[in-house]
Protein chains: 2
Amino acid sequence: MKKIFDVILAYNEPEAETFLEELRGKKPLFVCAIGTTETAKIPGISAAGKYPELTDYTPPADVELLLLGRCKCIPGVPVTPEGIPTPALITMSALKLADIPVLVASGGLKVKPHIPFLDLGGKPGEDIRTGKAVENIEEVIQRARIAGENLAKVADYLVIGESIPGGTTTALGVLLAIGIDARGKVSSSMSGNPHELKIRIVEAGLNASGEKFGSLAGDPIKAISCVGDPMIPAFAGMVLGAASRVPVLIAGGTQMGAIVAVLKALNQNVLDNIAIGTTRWIIEDKTSDLKGIIDQIADVPVLAADLDFNRSKIEGLKAYEEGFVKEGVGAGGAAIAAMTKSEGSITKETLLEEIERNYELLVESK
Amino acid sequence: MKKIFDVILAYNEPEAETFLEELRGKKPLFVCAIGTTETAKIPGISAAGKYPELTDYTPPADVELLLLGRCKCIPGVPVTPEGIPTPALITMSALKLADIPVLVASGGLKVKPHIPFLDLGGKPGEDIRTGKAVENIEEVIQRARIAGENLAKVADYLVIGESIPGGTTTALGVLLAIGIDARGKVSSSMSGNPHELKIRIVEAGLNASGEKFGSLAGDPIKAISCVGDPMIPAFAGMVLGAASRVPVLIAGGTQMGAIVAVLKALNQNVLDNIAIGTTRWIIEDKTSDLKGIIDQIADVPVLAADLDFNRSKIEGLKAYEEGFVKEGVGAGGAAIAAMTKSEGSITKETLLEEIERNYELLVESK
């Protein structure tokens, strides 16, 4: 696949190239949409935290890392049960190298981060098996839209990432409710992807809410409210507000399928001014299928940061090459933005050096 | 006094001119720092609300007006007991005309606005007569500083305004505690300025906290915590974060004296990159003395929007010429930014037309 800088033009290559060229040398703002849910605490669902209850701390810790260079609400940094560090380490390193500013927007949190964050009026999400996952979605979308409109007046473009444990399961919920067959296609932060478990949880949620595959095709708000998560309205609302004015790189893995599906249902026009920014690990992942999801929704270009941790001296980073973590906290999009803002002077090698330096500072010294 | 566009170079004219020329044609971000206090509810202190308890609603209503073009938490717009509309109407009209983006930062609120706002971890302020006015100041300053640093990476410059009822009394508290003799010098939103009442309240607070005039000259954090308000750390922290990178127009009347005094004590260097932006009504006010406050602190340039409501057909606006309201919600700074961004194509006349149009939409039709 063709590359510009260390960015792979993964799908819809001509549009991806046009999109990337438009960003060259421009000044982005990185926004991280966060939320927490009870869904993430279902055993076996999320690796974003050493054990299920800790998932409430992962998004606030991730954004503390982005804004403070260290976490405050937990010691060290968020890790998987195997001790593999959060992708926020990649995001933070990329943003720091390229001097890219960050804002955080909360869709609904149990634990508040010790940094300034945009309160969008949302609440933490419930367990989707109740069929009543998220409240107050229209208000959150409306507030996020206003934030996006205003931020688009100062930044040349936005990169929007997310941190929400269990997010691929709730994304699967929204996708199935809308009628996108994402079964067996969503990614996982674990190396073994528990597709059957995720499908069972989503089906329980759809049953509990009296819905089924595709029954909410015309009602993405209801799809989120039944089986989604509070990050989705925050994220989608910001894109709705910003994309009429500036390009928006939506940064994440298969969860971006749910975002694109929601955007398509709410305002098709914004799809012309967005691209997905992800990592090489996502587009090479054999246990998920981002392209297979996106192809069912819209011709959105996909860019992937050609990150390569094979030669890292740090085991926790090499694990990314074995299928762990892969993406999150807008890591791929932040890397793409850093490479593009610096017009290629930030490479995958210089980025890895910075990530290793930060790893040593934050993980080994804790 | 010399004018550029419809902006008066009010004090420190050469520095004021240099500062304004640096902003010409550039793209600002307007940030509104808000908070509420129990001090504002002392009878006779604040006109920012029809009656004392309503002051909790004034700041959220003001920022809703800025971001939504209408208030949500109250009907109509905030008015004084005489029915004179909030200066947020000026701010909103200026920002709209010049397409200037807005963010809101909360230092501590009783009532939350229905718009996205930066949560800085603060709480509403108590009655300063307790001598224990504000909590958690260092955390709020630190979070606001981070926000300011990040926003300064996207905007060419910041304009920071405020909305906090009773704010001149708490500003007087901080000024006296630091040792700036502002007795009889702070402004008022009322036409008769209740100086004696304000001084009595501040002295009660100083007594309760075991402090006196000038005893906290070296400890501005303690000055705020004893007799200040939660807007001040939010506002000052953002300036501290932003002013090392971009110019900051601090927008307000005599309350800016307290901000400058706090900044001087925390980091003198930022004073080189700020100016006060206010209104003609403040610099011509016979019942207050902005210059007399600032002269005791630092050579900060002062710019004043030459707003003129004498010929307005609307009584509620003409009242501004009789000494009511005068300033607030960054009205003067927003007008200056609009005139400067448009390089003079927005004038006091076109701005008044827009304000009258919005007045009719919002006040008369409610």
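Overview of the structure. (Residues numbered from 1 in each chain as written. Chains lettered and ligands numbered in written order. Predicted model: local features only at pLDDT ≥ 70, side-chain atom pairs only at ≥ 80, totals over all residues. Heavy atoms only, no water.)

Focus on the pairing of strand S6 (residues 157-163) of chain A
Residue and element names in this part refer to chain A. When you tally the buried positions in S6, you get seven out of seven residues, the bulk of the element. Of the two faces of S6, the one holding Tyr157, Val159, Gly161 and Ser163 and the one holding Leu158, Ile160 and Glu162 are both buried throughout. Pairing of strand S3 (residues 28-35) with S6 involves seven bridges; the strand directions are parallel. Within S6, the residue paired with Ala33 across the bridge is Glu162. For S6 and strand S7 (residues 248-251), the ladder comprises three bridges, and the chain directions are parallel. For Val159, the partnering residue across the bridge sits in S7 and is Leu249. (Buried < 20%, exposed > 50% of the residue type's maximum accessible area, 1.4 Å probe, protein only. Helix = DSSP H or I, 4+ residues; strand = E, 2+ residues; numbered from the N terminus. Pairing = 2+ DSSP bridges.)

What about the side chain of Lys153 of chain A?
Counting through the fold element by element, Lys153 of chain A comes out in the loop between helix H4 (137-151) and S6. Polar side-chain contacts of Lys153 of chain A include one of 2.9 Å to the side chain of Asp99 of chain B. In contact with Lys153 of chain A, not counting residues within four places along its chain, are Arg245 of chain A together with Lys27, Asp99, Ile100 and Pro101 of chain B. (Polar contact = N/O pair within 3.5 Å; in protein donor to acceptor, adjacent residues only side chain to side chain. Contact = heavy atoms within 4.5 Å.)

Focus: the interface of chain A and chain B
Facing the 29 residues of chain A at the interface are 29 residues of chain B. When chain A packs against chain B, the two sides together hide about 2500 Å² of surface, and 60% of this comes from carbon and sulfur. Contact with chain B buries area across many residues of chain A, yet Pro116, Lys153 and Val154 of chain A alone supply 23% of it, more than any other trio. Among the ionic pairs, Lys72 of chain A bridges to Glu139 of chain B, the shortest N-O distance being 3.8 Å. Counting across the interface, chain A meets chain B through ten residue pairs in polar contact (both at pLDDT 80 or more). Looking at the side of chain A that touches chain B, the elements that each hand over two or more residues are S3, helix H2 (58-68), strand S4 (102-108), strand S5 (117-119) and H4 of chain A. Looking at which element gives the most residues to the side of chain A that touches chain B, the answer is H4 of chain A, with six residues. (Buried area = accessible area lost by both parts, 1.4 Å probe. Salt bridge = Lys/Arg side-chain N within 4 Å of Asp/Glu carboxyl O.)

Side note on the state of the cysteines
Per the stated rule, a full pass over the model turns up zero disulfides over all chains. The closest cysteine sulfur to the non-disulfide-bonded Cys73 of chain A is located on Cys71 of chain A, 6.6 Å from its own sulfur. (Disulfide = S-S within 2.5 Å.)

Looking at the pattern of salt bridges
Across all of its chains, the model carries 52 salt bridges over all chains by this definition. The partner of Asp99 of chain B in a salt bridge is Lys153 of chain A, and the shortest N-O contact between them spans 2.9 Å. Here Lys153 of chain A lies in the loop between H4 and S6 and Asp99 of chain B lies in the loop between helix H3 (88-97) and strand S4 (102-108), a pairing that spans two chains. Here Asp99 of chain B falls in the partly exposed class, since its relative accessible area comes to 30%. Look at Lys153 of chain A and you get buried, because its relative accessible area is 18%.

Re the packing of aromatic side chains
Two numbers describe a pair of aromatic rings. These are the distance of the centres and the angle of the planes. Residues and elements named next belong to chain A. A complete count under the given rule lists six aromatic pairs over all chains for this structure. Connected via pairs of aromatic rings, a cluster forms that spans Trp281, Phe309 and Tyr320. For the cation-ring pair, Lys291 lies above Tyr11, with the distance from its terminal atom to the ring centre recorded as 5.8 Å. (Phe/Tyr/Trp six-rings, centres within 6.5 Å; stacked < 30°, edge-to-face > 60°. Lys NZ or Arg CZ within 6 Å of the ring centre and 35° of its normal.)

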